[in-house]
Amino acid sequence: MARVLYNLLMFTIGLTLRIRVLGYWSLIYGYCALCTAVALLKLWWNIILRPSTTFQWGIRETPPACLNDTSLGTHCYVRIKESGLRFHYVAAGERGKPLMLFLHGFPEFWFSWRHQLREFKSEFRVVAVDMRGYGESDLPSSTESYRFDYLVTDVKDIVEYLGYNRCYLVGHDWGGTIAWLFAIHYPEMVTKLIVLNCPHPSVFTDYALRHPSQLLKSSYFFFFQLPRFPELMLSINDFKALKGLFTSRSTGIGRKGRWLTAEDMEAYLYAFSQPGALTGALNYYRNVFSSLPLSQNDVKSPVLLLWGERDAFLEQEMAEACRVYIRNHFRLNIISGASHWLQQDQPDIVNTLIWTFLKEGEGRKTHRN
């Protein structure tokens, strides 16, 4: 009898797990279909309004001068033996000084850290990387090549290639996700962790599933699962959607922020108009649902989390919730009026808060600036 009850219990548990998995993927694909329908309507409307220009966009052949600004550092390349991939990075500051490594988000590249490269090169060896699939780094064609474990190993390989065994790790958006994961899996290699507008991955997963408002804000995750179509929608009207991410009232840099100059925008268009550039960036999203939930969560390094109050993509409540997974000092600064593009929007405030965290130790309170 006991054996029968045990088997019945195991069957029930297994069935419940299968139902949950089926529900999870049904939600993902169902929402993906909804987002696709909305995108098709937008495309059709664009064709009606601008029939002659909708499908016109151009590859930028020449990089703008700002990408070769020597005050930002030196352009370097490294080929990692294990993965075979070549990575591009910009480095400044004296060799031998502590390493500060910057990881960018979507849709960005090393240039998003220009204000921080100038600021911190006096006391650090600052390095801003084009992550795999971005900028001048290699773009693996397989979606499988953008799994979390590969992206985390990239960071480890780059740190070691640079001649270091530890670093001050700074990440924004997708770079923040990889920074969280790197600190979880290689705590001995992270002196301090600084994350901008990106929650701990487990916080994001739990919160989004419980808050429809965040799920709605994250609808692009589902849309980006489609092959080719998201690339088209980001390209039409000469990359209008891409430009809008940084400049529109709803998602762009705030009225009081440091707006992108025309040359800054050309730098982004140069990077993402290259063949395959958008696909490499979007492939990060095309692996995300297979990589969650995490099996490990604890962060043992001191953490500074900077959060733009006007983030159009991520709800602020997730920032404080990150405290649950941090086994060291945690400092949270919410920057009033700032957008998702925090290090470009409010570089002076961001740099000051980072200096405070680096030089004066870690606080435990939430501050509003």
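Residues numbered from 1 in each chain as written. Predicted model: local features only at pLDDT ≥ 70, side-chain atom pairs only at ≥ 80, totals over all residues. Heavy atoms only, no water.

Novice: Before we go on, may I ask you to explain the nonpolar core in this structure?
Specialist: Soluble, globular proteins show a tendency: their nonpolar side chains are buried together. In terms of nonpolar packing, the biggest core is built from 123 residues, with Leu101, Leu169, Trp180 and Leu193 touching the most fellow members. Apart from the residues lying within four places of it in its own chain, the contact partners of Leu101 are Val127, Val129, Val155, Ile158, Val159, Cys167, Tyr168, Leu169 and Val170. (Core = buried A, V, L, I, M, F, W, Y, C linked by side-chain atoms within 4.5 Å. Buried < 20%, exposed > 50% of the residue type's maximum accessible area, 1.4 Å probe, protein only. Contact = heavy atoms within 4.5 Å.)

Novice: What am I meant to see in the environment of Ile335 here?
Specialist: Following the sequence through the fold, Ile335 ends up in strand E8 (residues 330–335). The exposure class of Ile335 is buried, given its relative accessible area of 0%. Residues Ile335 and Val350, spaced 15 residues apart in sequence, show a C-alpha to C-alpha distance of 8.6 Å. (Helix = DSSP H or I, 4+ residues; strand = E, 2+ residues; numbered from the N terminus.)

Novice: How should empty space enclosed by the protein be read in this particular structure?
Specialist: The gaps of empty space that remain are located by a probe, the size of a water molecule, rolled over the atoms. Using the criterion set out here, one finds 3 cavities of 30 Å³ or more in the structure. Its volume calculated, the largest cavity comes out at about 220 Å³. Along the wall of the largest cavity there are 16 residues; nearest its centre are Trp174, Thr177, Cys198, Phe204 and Phe221. Elements with a contribution of two residues or more to the lining of the largest cavity: helix H4 (174–185), helix H5 (201–210) and helix H7 (219–223). When its residues are assigned to classes, the lining of the largest cavity shows 12 nonpolar, 3 polar and 1 charged. (1 Å grid on protein atoms, 1.4 Å probe; cavity = no way out; pocket = protein on both sides within 12 Å on 5 of 7 lines; lining within 4 Å. Points joined across faces, edges and corners; volume = space filled by probe spheres on them. Nonpolar A, V, L, I, M, F, W, Y, C, P; charged D, E, K, R; others polar.)

Novice: Just to check I follow, could you spell out the packing of aromatic side chains for this structure?
Specialist: Aromatic ring pairs are described here by two measures, namely the spacing of the ring centres and the angle between the planes. Under the criterion given, the structure shown has 31 aromatic pairs. An angle of 75 degrees between the planes, with centres 6.1 Å apart, marks the rings of Phe313 and Trp341 as edge-to-face. In this pair, Phe313 sits in the loop between strand E7 (303–308) and helix H12 (317–321) while Trp341 sits in the loop between E8 and helix H13 (342–345), placing the two residues 28 residues apart along the sequence. As far as the burial class goes, Phe313 and Trp341 line up, both buried. Above the ring of Tyr150, the side-chain terminus of Arg147 is found at 4.4 Å from the ring centroid. (Phe/Tyr/Trp six-rings, centres within 6.5 Å; stacked < 30°, edge-to-face > 60°. Lys NZ or Arg CZ within 6 Å of the ring centre and 35° of its normal.)

Novice: In this structure, what is going on with the packing of helix H8 (residues 229–247) against helix H9 (residues 262–272)? I would like to understand it.
Specialist: What describes two packed helices is the angle between their axes and the distance between those same axes. In contact at an axis separation of 11 Å, H8 and H9 are set at 140 degrees when each is read in the N-to-C sense. In terms of orientation, H8 and H9 fall into the oblique class. Crossing of H8 against H9: the hand is right-handed. Contacts between H8 and H9 pair Phe239, Leu242, Lys243, Phe246 and Thr247 from the former with Met265, Tyr268, Leu269 and Phe272 from the latter. (Axes fitted to C-alpha atoms, helices over the stretch in contact; angles between N-to-C directions. Parallel < 35°, antiparallel > 145°, perpendicular 65-115°, else oblique. Left-handed = near helix turned anticlockwise from the far one by under 90°.)

Novice: Mind showing me how you'd approach the confidence of the model for the chain here?
Specialist: Close reading of the predicted structure is inappropriate where its pLDDT is low. Confidence in the prediction for the chain averages 89 pLDDT; 89% of positions are at 70 or higher. Contacts of residues 362–368 to residues separated by more than four positions or lying in other chains number 21 contacts, the stretch itself having pLDDT below 50. (pLDDT = per-residue confidence, 0-100.)

Novice: Just to check I follow, could you spell out the packing of helix H3 (residues 148–161) against H4 for this structure?
Specialist: At their nearest, the axes of H3 and H4 sit 9 Å apart, and the two run at 80 degrees to each other. Between H3 and H4, the interaxial angle falls into the category roughly perpendicular. On H4, the residues touching Phe148, Leu151, Val152, Val155 and Lys156 of H3 are Trp174, Thr177, Ile178, Leu181 and Phe182.

Novice: Explain the environment of Leu260 to me, please; I cannot follow it from the model alone.
Specialist: With respect to the element layout, Leu260 can be found in the loop between H8 and H9. Classification of Leu260 as buried rests on a relative accessible area of 16%. Sequence separation of Leu260 and Asp345 is 85 residues, and the distance between their C-alpha atoms is 8.5 Å. Leave out the neighbours within four places in its chain, and Leu260 touches Arg114, Phe246, Ile253, Met265, Tyr268 and Gln344.

Novice: Would you mind going over H4 with me for this structure?
Specialist: For an α-helix, the turn length of 3.6 residues means that residues three or four places apart are oriented alike. In a regular helix each residue adds 1.5 Å, so 12 residues correspond to 16 Å; H4 covers 17 Å between its end C-alpha atoms and thus fits that length. Burial analysis of H4 places 11 of its 12 residues in the buried class, which makes it a mostly covered element. Residues Trp174, Gly175, Gly176, Thr177, Ile178, Ala179, Trp180, Leu181, Phe182, Ala183 and Ile184 constitute the buried set of H4. (Expected span 1.5 Å × (residues − 1).)

Novice: I'm lost on the pattern of salt bridges in this one. Help?
Specialist: When their charged atoms lie close together, side chains carrying opposite charge are able to pair. Applying the stated rule across the entire model yields 16 salt bridges. The salt bridge partner of Glu315 is Lys217, with a shortest N-O separation of 3.9 Å. Residue Glu315 is found in the loop between E7 and H12, and its partner Lys217 is found in helix H6 (residues 212–217); the two are separated by 98 residues along the sequence. The residue Lys243 makes a salt bridge to Asp238 at a minimum N-O spacing of 3.9 Å. Take Lys243: its relative accessible area is 25%, and that puts it in the partly exposed class. Among the ionic contacts, a cluster of salt bridges with common partners joins Arg60, Asp238, Lys243 and Glu266. (Salt bridge = Lys/Arg side-chain N within 4 Å of Asp/Glu carboxyl O.)

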